[in-house]
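Notes for the structure review
Listed here are the chains, written in short residue letters.
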Amino acid sequence: MRLVFAGTPEVAVPALDALLASDRHEVVAVVTRPDAPAGRGRKLVASPVAQRAEEAGIEILKPAKPSDPDFLARLAEIAPDCCPVVAYGALIRPGALEIPTHGWVNLHFSLLPAWRGAAPVQHAVLAGDEVTGASTFLIEQGLDSGPVFGVITEEIRPTDTSGELLTRLAHAGARLLSATMDGIEDGALKAVPQPVDGVTLAPKISVEDARIDWSHPALRIDRVVRGCAPAPGAWTTFRGERLKVSGPVRLLPGSSDLAPGVLAVEKNGLRVGTGSHEIEFGEVQPQGRKAMRAADWARGARIESGEQLGL
């Protein structure tokens, strides 16, 4: 099939690579978000998908919106058989949906109908799910509601961050998307409507969502730290400034005398009370500084036992 691939961030690149390597399909163009400012100089930078497409020597389309008439006209000229999608980042309207013969097929990082939305991996970690996966489905007007072509499953490990889990899903999902294209091309694969029951939503994680509430149980706090890593990053406040909890935390068994948010400074560690067990920090990132070992931060900031986070 002639494919036009739609995607933007680094997590979409493995799928693009898999389709570029296919001997059954030809990726004739990519659709990606316009260049965006990045870095200290805020210079405009092309998306990871655009950079990979440039390396491959294929046409790059960067519409401000996928409903732009010029984009729709060019897509119609290309006449793709199918448009595979991974984390494109914009809503595909009917005018574009109707152009490819086999529609737009999205790789979504959850077991649909669970975790429909922008942040399925983060919400799976936050919810304490033990298993997640990826699904390929035919895009329609509803939010991630189209019929499903195929799924894979992936265990969520007790120490997984969202970033680590998403990396594994990106590579496993790339193989699923390539197999889905094969199945559509040879007519062996039919999309199956999603179940009505079991729908959960996964909206984008905001900075406020990533704020740690020290009155919550330690297990919940651990999930927030892992679920919000690497972005937006779990955080709290200390001495009136924001403090990111950037590294893994360790749940300490047994009873605790520390009230929620109260610190206990040790020679080689830093403990904090929660609504249940104590937690030991791994790394923290003070405002305006790089991440560092919590014990080093405590020494440098001259923290004393009994000081409190989150005030």
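In case you missed it, the structure is sitting above this.
Note that the structure is predicted; figures quoted are calculated from it, not measured.

**Let's talk about the overall build of the protein chain**
When its secondary structure is counted, the protein chain shows 8 helices and 17 strands. With the C-alpha coordinates aligned to their principal axes, the bounding extent of the protein chain is approximately 70 × 45 × 30 Å. Counting all 311 residues of the protein chain, 48% fall into the buried class. Across the protein chain, the fraction of contacts at a sequence separation of at least 24, relative to all contacts at a separation of at least 6, is 65%. The averaged location of the 38 negative side-chain charges in the protein chain is 7 Å from the averaged location of its 32 positive side-chain charges.

**What to know about the sheet that holds strand 1 (residues 2–7)**
Pairing within the open sheet is mixed, and its 7 strands lie in the order 5-2-1-6-7-8-9. Each end of this open sheet is capped by a strand with a single partner; those strands are strand 5 (59–61) and strand 9 (148–155). Each strand of the sheet is rotated relative to its neighbour by a mean of 20°, with strand direction disregarded. Pairing of strand 8 (residues 131–138) with strand 9, which is carried by 7 bridges, proceeds in the antiparallel orientation. Counterpart to Gly133 in the pairing with strand 9 is Thr153. Of the strands in this sheet, strand 1, strand 2 (26–31), strand 5, strand 6 (83–86) and strand 7 (104–108) are in contact with helix 3 (residues 69–78), which crosses strand 5 at around 150°. Together, strand 1, strand 6, strand 7, strand 8 and strand 9 form the strand contacts of helix 6 (residues 162–185), whose direction differs from that of strand 9 by roughly 155°.

**Description of the pairing of strand 8**
Consecutive residues of a regular strand have side chains that alternate between opposite faces of the sheet. Extensive coverage of strand 8 is indicated by the burial of 6 of its 8 residues. By the bridge criterion, 4 bridges tie strand 7 to strand 8 in an arrangement that is antiparallel. For Val105, the partnering residue across the bridge sits in strand 8 and is Leu138.

**Quick notes on the nonpolar core**
Phe5, Val30, Val86, Phe109, Leu177 and Met181 are the most contacted members of the largest nonpolar core, which has 35 residues in total. Where this core is concerned, the elements lending two or more residues are strand 1, helix 1 (13–20), strand 2, helix 2 (48–56), strand 7, helix 5 (120–126) and helix 6. It is helix 6 that contributes the most residues to this core, 8 residues altogether.

**Topic: the state of the cysteines**
All chains considered together, the criterion is met by 0 disulfides. Free cysteine: Cys82, not disulfide-bonded; nearest cysteine sulfur from Cys83 at 6.5 Å. Given the relative accessible area of 0%, Cys82 is considered buried.

**Quick notes on the pattern of salt bridges**
Counted according to the given criterion, the structure contains 17 salt bridges. With a shortest N-O distance of 2.8 Å, Arg168 and Asp160 are connected by a salt bridge. Residue class for Arg168 comes out buried when judged on its relative accessible area of 18%. In this structure, the salt-bridge partner of Arg250 is Glu280, at a minimum N-O distance of 2.9 Å. With Arg250 in strand 12 (residues 250–252) and Glu280 in strand 15 (residues 278–280), the pair connects residues that are 30 residues apart, well separated along the chain. Through salt bridges with shared partners, a single ionic network connects Arg24, Asp182, Glu185 and Asp186.

**Observations concerning helix 7 (residues 218–227)**
The element helix 7 is largely enclosed, with a buried count of 7 among its 10 residues. Burial in helix 7 covers these residues: Ala218, Ile221, Asp222, Val224, Val225, Arg226 and Gly227. Looking at the buried positions of helix 7, the neighbouring elements they touch are helix 5, helix 6, strand 12 and strand 15.

The rules we used
Residues numbered from 1 in each chain as written. Predicted model: local features only at pLDDT ≥ 70, side-chain atom pairs only at ≥ 80, totals over all residues. Heavy atoms only, no water. Helix = DSSP H or I, 4+ residues; strand = E, 2+ residues; numbered from the N terminus. Buried < 20%, exposed > 50% of the residue type's maximum accessible area, 1.4 Å probe, protein only. Contact = heavy atoms within 4.5 Å. Lys, Arg positive; Asp, Glu negative; His and termini not counted. Charge placed at Lys NZ, Arg CZ, Asp CG, Glu CD. Pairing = 2+ DSSP bridges. Axes fitted to C-alpha atoms, helices over the stretch in contact; angles between N-to-C directions. Core = buried A, V, L, I, M, F, W, Y, C linked by side-chain atoms within 4.5 Å. Disulfide = S-S within 2.5 Å. Salt bridge = Lys/Arg side-chain N within 4 Å of Asp/Glu carboxyl O.

Any link to function would need more than the numbers given here.
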